[in-house]
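Here is what each chain is made of, one letter per residue.
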Amino acid sequence: PADGLGPASIRALAAAADLVVVPSEEGPGLPAEGRPHVIVQALVAGTPVLGGPNRAVVEACEQARQATVEAPGAVALAAAVRGALEPPVRTRLRAQARTVGQDAEWSAVVPRWERALNAAVSRRGSR
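Not measured: the values here are computed from a predicted model.

K.L.:
How would you sum up the overall build of the protein chain? Please name residues and give values.
P.N.:
Secondary structure assignment for the protein chain yields six helices and three strands. Along the chain direction, N to C, the helices and strands of the protein chain fall in the order α-β-α-β-α-β-α-α-α. Here the protein chain holds 127 residues, and the buried ones make up 31% of them. The contacts in the protein chain between residues at least 6 apart in sequence include a share of 57% that link residues at least 24 apart. Of the accessible surface of the protein chain, which amounts to about 8,100 Å², a share of 58% is contributed by carbon and sulfur atoms.

As structure tokens, then:
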């Protein structure tokens, strides 16, 4: 898009990164946020993710077995980034990202959607 990066550019950036950091905080005066799409895009690219302390972001990262930071502020975030980039941790996170990311690729998602839609149509037709 003219006003930002498109999906292909985001995927390319995520694939080139050592770690995708999603430093989403919550609180008064901050925008409400759900699960940012960049988390899934990073996982599909096989790139580790560090997210938080926003609850939805932490939950998404925990479900994907990725790194989280639950304390607000730059000091906590910097410490979490350093920890996630430690070689054994980063290797583990990358392996988990690749595993989880495979399930989020279109080739895996579309057949599940088709099955769910067909089941819904079948249930509706049997009424």
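K.L.:
Provide a residue-level description of helix α3 (residues 55-63), including the pertinent values.
P.N.:
Taken residue by residue, α3 has Val57, Val58, Ala60 and Cys61 as its buried positions. Buried residues in α3, looked at end-on, bunch into an arc of 160°, giving them a common side. Opposite its buried face, α3 presents the exposed residues Arg55 and Gln63, each directed more than 90 degrees away. In this structure, the buried side of α3 is in contact with β1 (20-22), α2 (37-44), β2 (49-51) and β3 (67-68). Two or three places before Ala56, at the opening of α3, Asn54 has a side-chain oxygen 2.8 Å from that residue's backbone nitrogen. Looking at the residues trailing α3, positive phi occurs at Arg65, about 55°.

K.L.:
Go over the environment of Arg92, please, and point to the residues and values.
P.N.:
Along the chain, Arg92 turns up in helix α5 (residues 87-104). The exposure class of Arg92 is partly exposed, given its relative accessible area of 43%. A C-alpha to C-alpha distance of 8.8 Å links Arg92 and Pro48, two positions 44 residues apart in sequence.

K.L.:
I'd like a description of the sheet that holds β3, backed by residues and values.
P.N.:
One key point about sheets: their strands pair by backbone hydrogen bonds, in either a parallel or an antiparallel sense. Read across the open sheet, the three strands follow the order β1-β2-β3; overall the sheet is parallel. Across the chains shown, the open sheet's two edge strands, defined by having one partner strand only, are β1 and β3. One ladder, built from three bridges, connects β1 with β2; its direction is parallel. Counterpart to Val22 in the pairing with β2 is Gly51. Contacts from α2 reach β1 and β2 within the one sheet, and its direction differs from that of β1 by about 165°.

K.L.:
Go over α2 with me, naming the residues and quoting the values.
P.N.:
Among all positions of α2, only Ile39, Gln41, Ala42 and Leu43 are buried. Of the residues flanking the end of α2, it is Gly46, one or two places downstream, whose phi is positive at about 80°.

K.L.:
Which residues make up the nonpolar core, and what values go with them?
P.N.:
Core analysis: the largest hydrophobic core is formed by 14 residues, its most contacted members being Val20, Val22, Ile39, Leu43 and Val49. Taken together, the elements giving at least two residues each to this core come down to β1, α2, α3 and α5.

Cut-off values and rules
- Residues numbered from 1 in each chain as written.
- Predicted model: local features only at pLDDT ≥ 70, side-chain atom pairs only at ≥ 80, totals over all residues.
- Heavy atoms only, no water.
- Helix = DSSP H or I, 4+ residues; strand = E, 2+ residues; numbered from the N terminus.
- Buried < 20%, exposed > 50% of the residue type's maximum accessible area, 1.4 Å probe, protein only.
- Contact = heavy atoms within 4.5 Å.
- Areas by Shrake-Rupley, 256 points an atom, 1.4 Å probe, with all protein chains shown as cover.
- Arc of directions from axis to C-beta.
- Polar contact = N/O pair within 3.5 Å; in protein donor to acceptor, adjacent residues only side chain to side chain.
- Pairing = 2+ DSSP bridges.
- Axes fitted to C-alpha atoms, helices over the stretch in contact; angles between N-to-C directions.
- Core = buried A, V, L, I, M, F, W, Y, C linked by side-chain atoms within 4.5 Å.

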